[in-house]
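A look at the structure
These are the residues of each chain, in order.
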Amino acid sequence: MQENGTEVTAAGIARLAGVGRAAVSNWRRRHADFPKPVGGTETSPSFALTEVETWLRTQGKLAEVPLRERVWQQLAGHPEGPVAALVHVGCALLLVNDRPTVWLELSAGSDARLAELLPASLDQVLTPRFGLVRKRAVDTPTAAQLLPSAPLLRGAADLAAELGTRKAYEFLLRRHLDANPRQYTLTPTGLAALMADLAGPARTVLDPACGTGALLRAVAAAQGALGIEDQHLYGQDSAPELAALTALRLALHAEATVTTVRTAAADSLRDDAYGTLSADAVLCHPPFNERNWGHDELAYDPRWEYGFPARTESELAWVQHALARLKEGGIAVLLMPPAAASRRSGRRIRADLLRRGALRAVIALPPGAAPPYNLPLQLWVLRRPALTGHPAQPEVLLADTGVFTADSRGGLDWQSVRAAVLDAWRPFDRTGSAPEQPGLSRSVPVIELLDDDVDLAPARHLPPPAAGGGAEQLADVRDRLGE
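Residues numbered from 1 in each chain as written. Predicted model: local features only at pLDDT ≥ 70, side-chain atom pairs only at ≥ 80, totals over all residues. Heavy atoms only, no water.

**Regarding the pairing of strand E11 (residues 395-400)**
The element E11 is largely enclosed, with a buried count of six among its six residues. What you see with E11 is no split at all: Glu-395, Leu-397 and Ala-399 on one side and Val-396, Leu-398 and Asp-400 on the other are buried throughout. Here strand E9 (residues 359-364) pairs with E11 via four bridges, running parallel. By the bridge assignment, Val-362 is partnered in E11 with Leu-398. Alignment of E11 against strand E12 (residues 441-445), held across five bridges, turns out to be antiparallel. In the sheet register, Glu-395 faces E12, and the bridge partner there is Pro-445. (Buried < 20%, exposed > 50% of the residue type's maximum accessible area, 1.4 Å probe, protein only. Helix = DSSP H or I, 4+ residues; strand = E, 2+ residues; numbered from the N terminus. Pairing = 2+ DSSP bridges.)

Next up, the structure:
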């Protein structure tokens with residue numbers, strides 16, 4: 001068996017040889033010397049990659065496989081799993097990016113020499129990048145951990161020479177996420193960009209449930225486009241592997257304007273790693289409908305300025321956590337389930353958010369905007385009130401973009417959604433009020449919402465769209481009737 005233990009499935013063999021899976025099944029039956037399975041199951045066996053390559057080459061069946069496909073096969077079949085492999089690859093690519101001559105010197109020898117010398121060089125890159133913060137997400141791998149990854153790291157470095165370090169890592173990460181859609185709750189690119197736009201200019205940004213880093217990537221790109229320098233990006237996630245992937249992804253994507261990338265592996269509600277942080281913006285796609293969010297042990301937490309959330313109101317705990325990590329006047333944008341706007345158990349907290357001017361907008365998105373795709377999720381835009389005694393803003397923006405439903409191919413027209421939302425939000429953000437757009441948006445007096453239910457569902461408070469779409473369409477109807 002090969003030294004690094006990388007395995008490949010029948011589907012992977014088919015891609016290596018440029019044939020269908022049926023051909024691989026025929027080879028297994030017809031050729032007694034075909035490599036034997038080394039893992040997997042009876043119905044889905046896996047094979048040693050080097051044994052398969054040797055057999056295909058001997059039979060003249062090895063296709064000219066693109067480098068990216070070969071590296072992906074090595075990563076997908078890594079003996080410690082693809083996530084551990086992605087972490088090792090990300091660390092190595094940071095070294096390739098920051099100190100290319102060091103990588104060239106280390107990789108000139110054997111795999112054992114590379115694994116032995118690599119940790120010291122990686123530590124000189126990882127510590128300046130990610131600091132010495134508590135619960136740092138990316139620790140320096142040991143020589144024993146790196147040895148099975150050595151052939152993969154060489155391949156990843158070759159791929160980086162072809163594509164660049166950022167694109168090489170993004171290709172491998174996206175391939176992994178696409179191959180395992182049920183393991184991750186992803187924030188679509190269009191939604192992440194919209195949330196970054198709503199946050200506006202910000203140098204210090206936090207995502208307390210960062211997942212794979214989509215929101216922080218979007219905000220870094222948006223701030224870079226605005227010419228904002230000296231950016232500081234902070235992330236935290238309860239899943240250590242996601243916090244590590246986010247850190248590496250951000251570090252490899254970071255423009256020259258990004259000076260700080262920090263991620264921590266811990267539950268933000270129970271074990272906040274950034275208790276003293278005052279951020280310009282907080283973006284968050286929190287987990288929904290969690291009953292085990294820390295209700296019992298966090299009853300007296302100082303973050304609950306607007307009321308202690310009920311056990312069934314985990315989303316309102318995330319809202320208040322986000323507000324607590326903002327500086328005065330800072331903006332938070334959270335993706336929320338529609339029930340959070342109307343559940344009776346959360347009405348007192350919603351009412352206090354309105355009275356004190358913390359909740360600035362509730363924007364209903366079309367179904368299909370993000371998982372779970374069957375629900376019309378909402379964006380809540382919040383601002384931490386100043387402590388100067390100024391009166392709270394008397395109005396809140398409610399918008400409903402449900403008219404921009406998914407097309408026949410299942411995709412949303414994010415450009416139209418973004419334009420509609422920002423056309424309503426930007427004048428409201430400047431003046432505290434906005435022109436009414438029937439069926440789409442309205443700035444509603446807070447007093448109008450402070451009833452027994454405090455129901456913030458936008459559809460309940462928006463006037464219907466103008467019948468027939470206006471005078472021009474009415475003239476068209478008249479002409480058709482005349483015909």
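**Quick notes on helix H10 (residues 165-179)**
Since the α-helix advances by 3.6 residues per turn, residues separated by three or four positions end up pointing in the same direction. For H10, with 15 residues, the first-to-last C-alpha span of 21 Å sits near the 21 Å given by 1.5 Å per residue. For H10, the set of buried residues is Thr-165, Ala-168, Tyr-169, Glu-170, Phe-171, Leu-172, Leu-173, His-176 and Leu-177. (Expected span 1.5 Å × (residues − 1).)

**Some details on the packing of aromatic side chains**
Applying the stated criterion across every chain yields a total of seven aromatic pairs. Centre to centre, the rings of Phe-34 and Trp-55 are 4.8 Å apart; their planes meet at 70 degrees, and the pair counts as edge-to-face. Within this pair, whereas Phe-34 is found in the loop between helix H2 (21-30) and strand E2 (39-40), its partner Trp-55 is found in helix H3 (residues 49-58), the two being separated by 21 residues in sequence. Both residues of the pair, Phe-34 and Trp-55, belong to the buried class. Measuring from centroid to centroid gives 5.9 Å for Trp-293 and Trp-304, while their planes differ by 90 degrees, and the two rings are edge-to-face. Residue Trp-293 is located in the loop between strand E7 (279-284) and helix H14 (314-324), and its partner Trp-304 is located in the loop between E7 and H14; the two are separated by 11 residues in the primary sequence. (Phe/Tyr/Trp six-rings, centres within 6.5 Å; stacked < 30°, edge-to-face > 60°.)

**Some thoughts on the side chain of Gln-223**
Here Gln-223 shows up in helix H12 (residues 214-225). A polar side-chain atom of Gln-223 sits 2.8 Å from the main-chain amide nitrogen of Ala-202. If near-sequence neighbours (up to four positions away) are discounted, Gln-223 is found in contact with Gly-200, Pro-201, Ala-202, Ile-228 and Gln-231. (Polar contact = N/O pair within 3.5 Å; in protein donor to acceptor, adjacent residues only side chain to side chain. Contact = heavy atoms within 4.5 Å.)

**Thoughts on the sheet that holds strand E1 (residues 7-9)**
Read from one edge of the open sheet, three strands run E1-E3-E2, paired in antiparallel fashion. Strands with a single pairing partner mark the edges of an open sheet, and in this sheet they are E1 and E2. As paired elements, E1 and strand E3 (residues 45-48) share three bridges and run antiparallel to each other. Opposite Val-8, over in E3, you have Phe-47 as the bridge partner. Sitting on the sheet, helix H1 (residues 10-17) touches E1 and E3, and the angle it makes with E1 is about 90 degrees. (Axes fitted to C-alpha atoms, helices over the stretch in contact; angles between N-to-C directions.)

**Brief notes about unusual backbone geometry**
Of note, the amide linkage connecting Pro-371 to Pro-372 takes the cis form, showing an omega dihedral of -5 degrees. Topologically, Pro-372 is positioned in the loop between E9 and strand E10 (378-383). Positioned with a positive phi, Asn-289 is a non-glycine residue whose angle comes to about 55 degrees. Relative to the helices and strands, Asn-289 resides in the loop between E7 and H14. By relative accessible area, Asn-289 is classed as exposed at 54%. Unlike most non-glycine residues, Val-454 shows phi in positive territory, near 45 degrees. For Val-454, the position within the fold is in the loop between helix H17 (446-449) and helix H18 (458-461). With relative accessibility at 3%, the residue Val-454 sits in the buried group.

**Here we look at the nonpolar core**
Leu-198 and Leu-379 are the most contacted members of the largest nonpolar core, which totals 93 residues. Setting aside chain neighbours within four positions, we find Leu-379 in contact with Leu-191, Leu-194, Met-195, Leu-198, Val-333, Leu-334, Leu-335, Ala-361, Val-362, Ile-363 and Leu-365. Judged by nonpolar contacts, the second largest core, of 43 residues, contains Tyr-274, Leu-382, Val-444 and Leu-449. (Core = buried A, V, L, I, M, F, W, Y, C linked by side-chain atoms within 4.5 Å.)

**Focus: the pairing of E9**
For E9, a buried count of six out of six residues is recorded, marking the element as mostly surrounded by other parts of the structure. With five bridges connecting them, E9 and E10 associate as antiparallel partners. Each residue of the ladder has a partner; that of Ile-363, found in E10, is Leu-379.

**A few points about H3**
Every buried residue of H3 is listed here: Leu-49, Val-52, Glu-53, Trp-55 and Leu-56. Around the axis of H3, the buried residues are gathered within 165 degrees of arc, so they sit on the same side. In H3, those exposed residues whose orientation departs by more than 90 degrees from the buried face are Arg-57 and Thr-58. Residues of H3 that are buried sit in contact with E1, H1, H2, E3 and helix H4 (67-76). One or two residues past the end of H3 sits Gly-60, with phi positive at roughly 70 degrees. (Arc of directions from axis to C-beta.)

**A closer look at the pattern of salt bridges**
Charged atoms that come close allow side chains of opposite charge to pair. Summed over the entire model, instances satisfying the criterion amount to 25 salt bridges. Between Glu-170 and Arg-217 there is a salt bridge, and its shortest N-O distance comes to 3.2 Å. Taken together, the residues Glu-170 in helix H10 and Arg-217 in helix H12 connect sequence positions 47 residues apart. Given a relative accessible area of 13%, Glu-170 falls into the buried group. What makes Arg-217 partly exposed here is its relative accessible area of 29%. Notably, a salt bridge pairs Arg-383 with Asp-429, separated by 2.9 Å at the nearest N-O pair. Taken together, the residues span a long stretch of sequence, with Arg-383 in strand E10 and Asp-429 in helix H16 (residues 414-431) at a distance of 46 residues. Residue Asp-429 is classed as partly exposed on the basis of its relative accessible area of 34%. (Salt bridge = Lys/Arg side-chain N within 4 Å of Asp/Glu carboxyl O.)

**What about the environment of Val-362?**
Assignment of secondary structure puts Val-362 in strand E9. Under the relative-accessibility criterion, Val-362 is labelled buried at 0%. Put simply, Val-362 and Val-96 are 266 residues apart on the chain and 44 Å apart in space, counted from C-alpha to C-alpha. When neighbours within four sequence positions are excluded, Val-362 is seen to be in contact with Gln-378, Leu-379, Trp-380, Leu-397, Leu-398, Ala-399, Leu-456 and Pro-458.

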